[in-house]
Amino acid sequence: EENDRKRIPCPLDPKHTVYEDQLQKHLKKCNSREKPKPVYFVQDINAGLKDVAEITEKQVPISSLSKEELENLIIKLKKASNGLELRLKEQILSHQALQEALNDPKNGESAFKHLKQQASILGNMEKLHLLGPGRCFVEFGAGRGKLSHWVDVALQNVENVQFLLVERATTRFKVDGKHKRRDAVFERLQVDIQHLCLKKVPILEKKKLPVVGIGKHLCGAATDLALRCLVESYTSWCDGENEEPAPKRSRTDKTEVASNNSADNESSKDDCKPVAGIVIALCCHHKCDWTHYVGREFFKSVGLGPLEFNYFQRMSSWATCGMRETTTKASTSQESEDQTNDTEEHEQTFSKTESGSDTLQGILTVEERKEVGCLCKRLIDHGRIEYLQQRGYKAALQYYTESAVSLENVLLTAVPSPSLISEPT
């Protein structure tokens, strides 16, 4: 009888099968079934572009462009980049919290590179006075949560601190259990940043601590989604709250407002922005998306649109892999294997049509491709800087680590601009 029973692919996930006569029972408990949405899930709240008409058709591969078409694209790129600050300053810092780990000989080369990056991110946060009490640190693309872990270590003697770790994937080997402080609040939000409504996260709704958005190698469009999540959907809600009568806040949480430190009270006196700062290590510009990109107005202002953007975001990969000469097949596979083993580093692998060293022979040298790729990255990042500046932030780009440590070595930082905090909205 058992052999006569028919197995069929599960309609929720065809990767596994189920007995046909037990399908209804299975659908109720299948791990692939749609789970209830959390309270902070709001469909496409940070997605950006709603007008689908502006999104162009899929472009042809760069390798299929004629020499003239490619040269015209590069002319447009250089014209749009003219006058921009393309030479970034070095801000390679460190932090005492990681000194012991950095000096531990048990850490291999890969671990050491990550620690150096995390130490510099913390050093830059300290320089911007973001490592302090009365803060909610939101780590976007948290993965195992290592960046939040080190921020927690740096704030050992600081009170009234919360951590929200945003990660859409189920993550193994999390370091959440290693936090030494019992009073630190750590909460994971398993949600795509595109749908994250921070104002509906219960612990933020309750205490309303100023938010510090952080991220290490926040991949492509995820950076734009995170910026919009912080600067638009969350800030606009908090601004609306501030317009309401003051008693409302004290009535909802008298004891906790009273317990907030003096820095928190001072910030509310200055009507400070609800986002105290943003520190994000950028990466994977080739995964940016015009739909989500926050710098669309900047692109339009320099005569560019979705067509050019989609080419530039793909050409940006030349900055980090254009200089890698293709050697033997064995060495290439070894390199990609090393990259995939290191899950937290988003060193990218590309198809030959986009980035192989033999793709554009006779048009661009390896060095020229690298230069064009860097220009594409800076142009995309400048759109993000202008977006933040227009919304009252003092924003900057800097090298936070050596290229030998990571080819993706640019850090975006933003804090509320003092001159704009006091201005009426």
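Cut-off values and rules
Within each chain, residue numbers correspond to sequence positions counted from 1 in written order. The predicted origin of the model limits local features to residues at a pLDDT of at least 70 and limits the giving and counting of side-chain atom pairs to 80 or more, whereas totals for whole chains, interfaces and linings rest on all residues. Just so you know, side-chain values use all the structure's heavy atoms and leave hydrogens and water out. UniProt positions are given in the numbering used here, feature names are shortened, and annotations may be inferred rather than shown by experiment. Numbering of helices and strands runs from the N terminus; a helix is a DSSP stretch of H or I covering at least four residues, while a strand is a stretch of E covering at least two. Contacts between residues were defined by any pair of non-hydrogen atoms, one from each residue, lying within 4.5 Å. Accessibility here uses a 1.4 Å probe with only protein chains present; expressed as a share of the type maximum, an area under 20% marks a residue as buried, one over 50% as exposed, and anything in between as partly exposed. Only strands that DSSP links by at least two bridges are regarded as paired with each other. Identification of polar contacts relies on pairs of N or O atoms within 3.5 Å, with a donor-acceptor requirement for protein atoms, meaning one able to donate a hydrogen and the other able to accept it, and with residues adjacent in sequence counted only if both atoms are side-chain atoms. Angles run from 0 to 180 degrees between N-to-C directions of axes, and those axes are lines fitted to C-alpha atoms, restricted for helices to the stretch in contact. Note that the term roughly parallel is reserved for angles under 35 degrees, roughly antiparallel for angles over 145, roughly perpendicular for angles of 65 to 115, and oblique for everything else. Helix crossings get a hand from a simple test, with the near helix turned counterclockwise from the far one by less than a right angle marking a left-handed crossing and a clockwise turn marking a right-handed one. Any residue outside Ala, Val, Leu, Ile, Met, Phe, Trp, Tyr, Cys, Pro, Asp, Glu, Lys and Arg is labelled polar, Gly included; the first ten of those are nonpolar and the last four are charged. A pair of Phe, Tyr and Trp rings is counted when the ring centres sit within 6.5 Å of each other, with Trp represented by its six-membered ring. The angle between the planes then sorts it: under 30 degrees is stacked, over 60 is edge-to-face, the rest tilted. The rule is short: NZ of Lys or CZ of Arg within 6 Å of the ring centre and within 35 degrees of the ring normal puts a charge over the ring. Every residue gets a pLDDT, meaning the predictor's confidence in that residue, from 0 to 100. The span one expects for a helix is its residue count, reduced by one, times 1.5 Å. Taken from the helix axis, the directions to the C-beta atoms give the arc we talk about.

As recorded in an unreviewed UniProt entry, the chain goes by the name tRNA:m(4)X modification enzyme TRM13, listed as coming from Charadrius vociferus. According to its UniProt record, the chain has this under Function (unreviewed entry): "tRNA methylase which 2'-O-methylates cytidine(4) in tRNA(Pro) and tRNA(Gly)(GCC), and adenosine(4) in tRNA(His)." In its Sequence similarities (unreviewed entry) section, the UniProt entry covering the chain states "Belongs to the methyltransferase TRM13 family."

Participant: Go over the environment of Phe41 with me, naming the residues and quoting the values.
Facilitator: By the secondary structure assignment, Phe41 is in the loop between helix H1 (23-29) and helix H2 (67-81). Note: C-alpha distance between Phe41 and Leu196 (155 residues apart in sequence) is 5.4 Å. If sequence neighbours within four positions are ignored, Phe41 has contacts with Val191 and His195.

Participant: Summarise the pairing of strand E8 (residues 275-283); cite the residues concerned and give the values.
Facilitator: Of all the 9 residues making up E8, 9 are buried; the element is thus mostly covered by neighbouring parts of the structure. For strand E7 (residues 211-219) and E8, the ladder comprises 7 bridges, and the chain directions are parallel. Bridged to Leu218 within E8 is Leu282. By the bridge criterion, 4 bridges tie E8 to strand E10 (residues 410-416) in an arrangement that is antiparallel. The residue of E10 that forms the bridge with Val279 is Thr413.

Participant: Help me get a handle on the side chain of Thr223, residues and values and all.
Facilitator: Position of Thr223 among the secondary structure elements: in helix H7 (residues 221-243). Of the polar contacts made by the side chain of Thr223, one reaches the backbone oxygen of Leu218; its length is 2.9 Å.

Participant: Let's hear about the packing of H2 against helix H16 (residues 366-390): which residues, and what values?
Facilitator: At a minimum axis distance of 10 Å, the contact between H2 and H16 shows a crossing angle of 50 degrees. By the angle between their directions, the pair H2 and H16 is classed as oblique. As H2 packs across H16, the resulting crossing turns out to be left-handed. Within the contact between the two elements, H2 uses Ile74, Leu77, Lys78, Ala80 and Ser81 and H16 uses Val372, Leu375, Cys376 and Leu379. Across the contact of H2 with H16, the residue classes break down as 7 nonpolar, 1 polar and 1 charged.

Participant: Tell me about the UniProt feature "domain: CHHC U11-48K-type" (unreviewed entry) in the chain, residues and numbers included.
Facilitator: When the UniProt feature table is mapped onto this chain, "domain: CHHC U11-48K-type" (unreviewed entry) is found at residues 7-34. For residues 7-34, the end-to-end C-alpha separation is 22 Å, with 25% helix and 21% strand making up the annotated structure.

Participant: Any details on the sheet that holds strand E6 (residues 185-189)? Residues and values, ideally.
Facilitator: Reading across from one edge, E3-E9-E10-E8-E7-E4-E5-E6 is the order of the 8 strands in this open sheet, with mixed pairing throughout. This sheet does not close on itself; its edge strands, each paired only once, are strand E3 (89-90) and E6. Docked against the sheet, helix H4 (residues 109-127) engages strand E4 (135-140), E7, E8, strand E9 (393-399) and E10, running at close to 150 degrees with respect to E7. Against the sheet, H16 touches E8, E9 and E10, its axis set at about 155 degrees to E9.

Participant: Describe the packing of aromatic side chains, naming the residues involved and giving the relevant values.
Facilitator: For the structure on display, the rule yields 10 aromatic pairs. Geometrically, the ring pair formed by Trp290 and Tyr293 is tilted, given 6.4 Å between the ring centres and 40 degrees between the ring planes. Each member of the pair, Trp290 together with Tyr293, is buried. Among the aromatic residues, those joined into a ring-pair cluster are Trp290, Tyr293, Phe298, Phe299, Phe309 and Phe312. Note that Lys37 overlies the ring of Phe41, its terminal NZ or CZ placed 5.2 Å from the centroid.

Participant: If you had to explain the confidence of the model for the chain to someone new, which residues and values would you point to?
Facilitator: For the chain, the mean per-residue pLDDT works out to 81, and 74% of the residues sit at or above 70. Mean pLDDT per element in the chain: helix H14 (residues 329-341) is the minimum at 37, and E10 is the maximum at 97. Below a pLDDT of 50 lies the segment residues 322-344, which in the model reaches 28 contacts outside its immediate sequence neighbourhood of four places, other chains included. Across residues 421-425, where pLDDT falls below 50, the model places 4 contacts with residues more than four positions away in sequence or in other chains.

Participant: Describe H2, and please don't skip the residues or the numbers.
Facilitator: Its 15 residues place the ends of H2 21 Å apart at the C-alpha level, agreeing with the 21 Å of an ideal helix rising 1.5 Å per residue. Of the positions making up H2, those classed as buried are Leu70, Leu73, Ile74, Leu77, Ala80 and Ser81. For H2, the angular spread of buried residues about the axis comes to 125 degrees, placing them on one side. Residues of H2 that are exposed and point more than 90 degrees away from the buried face comprise Glu68, Ile75 and Lys79.

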